[in-house]
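An overview of the molecular structure
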Amino acid sequence: MLIKADLVRGYGWLADPPISNLWPCSLAGRQPVLAIATAQDDREARRRAIIYSVGSAPSPIWCSQVLMRCGPAFDINGEPNLAGGFQNRVLIYGLPASLSHGEPGFVARPDPLLPVLRLELEENFKAPNGKMQRIRSAASA
């Protein structure tokens, strides 16, 4: 829902974008998966863009790979404050190093026929019985 809301508010998006040194947050070696333009004159999402990235956790409290969002903070009403600073935040941890196809644990692909994105996410975690469990989900946005 968060990604869908960012896409609705955005002016354009890029899947697997090239890294821009004008983005507001450091990726610290993480791979950008999706960039969403926050300004009408930056439809290529090269400047103050919302960036979803996958890679190493920023702190040892998170296990495995993480999905992070670099984007505006939210105000008291739950609306993004585009005038304020952007923040890097962990959204999900426990992503595998790669999906079965060799891709990161979160992928965004343009649909070949429709103007939508296909989002895929995989998370691995230890269940209460001690066994590892895998959750895979997919959606279009």
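Further up the page is the structure itself.
As a starting point, this report considers the structure included with it.

Reading the values: rules and limits
- Residues numbered from 1 in each chain as written.
- Predicted model: local features only at pLDDT ≥ 70, side-chain atom pairs only at ≥ 80, totals over all residues.
- Heavy atoms only, no water.
- Pairing = 2+ DSSP bridges.
- Helix = DSSP H or I, 4+ residues; strand = E, 2+ residues; numbered from the N terminus.
- Axes fitted to C-alpha atoms, helices over the stretch in contact; angles between N-to-C directions.
- Contact = heavy atoms within 4.5 Å.

Turning next to the sheet that holds strand β6 (residues 106-110). Across the sheet, 3 strands lie side by side as β6-β7-β8; this open sheet has antiparallel pairing. Each having just a single partner strand, β6 and β8 (132-140) make up the two edges of the open sheet. Direction aside, the axes of adjacent strands within the sheet are offset by 10° on average. Bridge count between strand β7 (residues 117-126) and β8: 9 bridges; the pairing is antiparallel. Across the sheet, the residue bridging to R118 is S140, located in β8.

Turning our eyes to something else, we now look at the environment of L22. Inspection of the secondary structure assignment puts L22 in the loop between β1 (13-15) and β2 (31-36). Those residues in contact with L22 that sit more than four places away from it in its chain are R46 and R47.

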